[in-house]
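Fold and geometry: a report
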Amino acid sequence: MAYNIVPLNELISQFERLPGIGKKTAQRLALSVLQQPEESAQRFAEAIVNAKKKIHFCNCCQALTDLDICPICSDTERDRSVICVVSEA
Ligand SMILES: [Zn+2]
């Protein structure tokens, strides 16, 4: 089903950009968002933006983290020469 509602079509298009999401799934997800309370949709949008802003690859082991060096690499009890691909300064 095609919708003649620009903001809805934009939301569907954004879901379709995700891996493994086809047109029908994108429509279902978009309609699900519309059925949520506004604050729930706001938290969803903020979670996407916050994750994109804060998460990156660990400078040492390249695992995902929200810190410069992930907690595993920061653990002084571990042998950093085994995992870390970047030598300590
Ligand atoms: Zn790490």
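For the structure itself, consult the block above.
Residues numbered from 1 in each chain as written. Predicted model: local features only at pLDDT ≥ 70, side-chain atom pairs only at ≥ 80, totals over all residues.

**As for the overall build of the protein chain**
Helix and strand counts for the protein chain stand at five helices and two strands. When the helices and strands of the protein chain are read in sequence order from the N terminus, they spell out α-α-α-β-β-α-α. The buried share of the protein chain, reckoned over its 89 residues, is 8%. Contacts spanning at least 24 positions in sequence make up 13% of the contacts within the protein chain whose residues lie at least 6 apart. (Helix = DSSP H or I, 4+ residues; strand = E, 2+ residues; numbered from the N terminus. Buried ≥ 20, exposed ≤ 12 C-beta atoms within 10 Å, placed from the backbone. Contact = placed C-beta atoms within 7 Å.)

**Quick look at unusual backbone geometry**
Trans peptide bonds make up the majority, and among non-glycine residues the majority have a negative phi. One non-glycine residue with positive phi stands out, namely Gln 62, at about 70°. In this structure, Gln 62 sits in the loop between β1 (56-57) and β2 (64-65).

**Let's talk about the environment of Asn 9**
Along the chain, the position of Asn 9 falls in helix α1 (residues 6-16). With 14 C-beta atoms counted inside 10 Å, the residue Asn 9 sits in the partly exposed group. Counting along the chain gives 17 residues from Asn 9 to Ala 26, while the straight-line C-alpha distance between them is 9.8 Å.

**Side note on helix α3 (residues 38-54)**
Every α-helical turn comprises 3.6 residues, leaving residues that sit three or four positions apart pointing alike. Helix length check: α3 (17 residues) gives 24 Å between terminal C-alpha atoms against 24 Å at 1.5 Å per residue, within 8%. Taken across its 17 residues, α3 has zero buried, putting it largely on the surface. (Expected span 1.5 Å × (residues − 1).)

**A short note on the packing of α1 against helix α2 (residues 23-35)**
Interhelical geometry of α1 versus α2 gives an angle of 125° and a closest axis separation of 8 Å. Classified by the interaxial angle, the pair formed by α1 and α2 is oblique. Handedness of the crossing formed by α1 with α2: right-handed. Taking contact as the criterion, the partners of Leu 8, Leu 11, Ile 12, Phe 15 and Glu 16 in α1 are, on α2, Lys 23, Ala 26, Gln 27, Leu 29, Ala 30 and Val 33. (Axes fitted to C-alpha atoms, helices over the stretch in contact; angles between N-to-C directions. Parallel < 35°, antiparallel > 145°, perpendicular 65-115°, else oblique. Left-handed = near helix turned anticlockwise from the far one by under 90°.)

**Digging into the environment of Ala 51**
Here Ala 51 is to be found in helix α3. Once the C-alpha coordinates of Ala 51 and Asp 66 are considered, the two residues, 15 residues apart in sequence, prove to be 8.5 Å apart.

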